[in-house]
Amino acid sequence: TARAQALRQRLGLAALLVTRPAEGTTLYTDAGAATIPAQAREVYAVSGAGDTVIATLGALIGAGASLPDAMAIANEAAGVVVGKLGTATVTPAELA
């Protein structure tokens with residue numbers, strides 16, 4: 001946590017999101033660190049999980065979602081794709 005906060009501050013970032021496969025995602029801000037645990041499910045492939053988090057997070061923030069809300073949905077999206085064989089996509093219906 002201290003190293004992530006130091007990196008965030010050194011880079012002048014308002015927020016730093018760190019994905020940790022088994023633990024979930026952690027958001028570091030001036031307010032501290034908030035972790036959303038990984039969704040418990042059978043894992044077939046982790047390839048693309050981080051890409052899914054970044055793509056989902058960016059799309060939701062671009063659409064006006066708050067960072068905490070976008071983070072929660074992005075974490076859920078990653079949980080969906082790791083439950084599929086190979087590199088996969090997630091649909092809005094799978095996040096409902």
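Computed from a predicted model, the values in this text were never measured in an experiment. (Residues numbered from 1 in each chain as written. Predicted model: local features only at pLDDT ≥ 70, side-chain atom pairs only at ≥ 80, totals over all residues. Heavy atoms only, no water.)

Asks: Can you help me understand the pairing of strand β2 (residues 24-29) in this one?
Replies: Residues in a regular strand point their side chains to alternate faces of the sheet. With respect to burial, β2 is a largely interior element, six of its six residues being buried. With five bridges connecting them, strand β1 (residues 16-20) and β2 associate as antiparallel partners. The residue bridging V18 from the neighbouring strand is T26, located in β2. Hairpin connection between β1 and β2: a loop of three residues separates the two successive antiparallel strands. When β2 meets strand β3 (residues 32-36), the two strands line up antiparallel, connected through five bridges. Counterpart to T26 in the pairing with β3 is T35. In this structure, the hairpin formed by β2 and β3 is closed by a connection of two residues. (Buried < 20%, exposed > 50% of the residue type's maximum accessible area, 1.4 Å probe, protein only. Helix = DSSP H or I, 4+ residues; strand = E, 2+ residues; numbered from the N terminus. Pairing = 2+ DSSP bridges.)

Asks: Help me understand the nonpolar core in this model?
Replies: What tends to happen in soluble globular proteins is that the nonpolar side chains get buried as a cluster. Formed by L27, I36, A49, V53, L57, A70, M71, A74, A78, V81, V82 and A88, the largest nonpolar core amounts to 12 residues. Contributions of two or more residues to this core are made by α2 (49-62) and α3 (67-81). Residues contacting A78, with those up to four places away along its chain left out, are A49, T52 and V53. (Core = buried A, V, L, I, M, F, W, Y, C linked by side-chain atoms within 4.5 Å. Contact = heavy atoms within 4.5 Å.)

Asks: It is not clear to me how the side chain of T56 should be interpreted in this structure. Could you clarify?
Replies: Here T56 shows up in helix α2. On the accessibility criterion, T56 (13% relative accessible area) is buried. The contact partners of T56, leaving out residues within four places of it in the chain, are I73, A74 and A77.

Asks: Mind showing me how you'd approach helix α1 (residues 2-11) here?
Replies: Residue pairs three or four apart in sequence face the same way in an α-helix, which turns once every 3.6 residues. The complete set of buried residues in α1 reads A4, Q5 and R8. In a view along the axis of α1, the buried residues occupy a sector of 100°, so they form one face of it. Residues of α1 that are exposed and point more than 90 degrees away from the buried face comprise A2, R3 and R10. On its buried face, α1 sits against β1, β2 and β3. Looking one or two residues past α1, G12 carries a phi angle of roughly 70°, positive in sign. (Arc of directions from axis to C-beta.)

Asks: It is not clear to me how the sheet that holds β2 should be interpreted in this structure. Could you clarify?
Replies: Remark on secondary structure: sheet strands pair via backbone hydrogen bonds, oriented parallel or antiparallel. What the three strands build is an open sheet, ordered β1-β2-β3; its pairing is antiparallel. Looking at the sheet topology across the chains shown, the edges are occupied by β1 and β3. Taken pair by pair, the neighbouring strands of this sheet meet at an average axis angle of 20°, ignoring direction. Each of β1, β2 and β3 is contacted by α1, which is oriented at about 50° to β2, the strand it contacts most. (Axes fitted to C-alpha atoms, helices over the stretch in contact; angles between N-to-C directions.)

Asks: What is the right way to read the environment of L67 from this model?
Replies: Relative to the elements of secondary structure, L67 occurs in helix α3. The partly exposed category is assigned to L67, whose relative accessible area is 28%. Dropping the residues within four chain positions of it, L67 is found in contact with A15, L27, L57 and I61.

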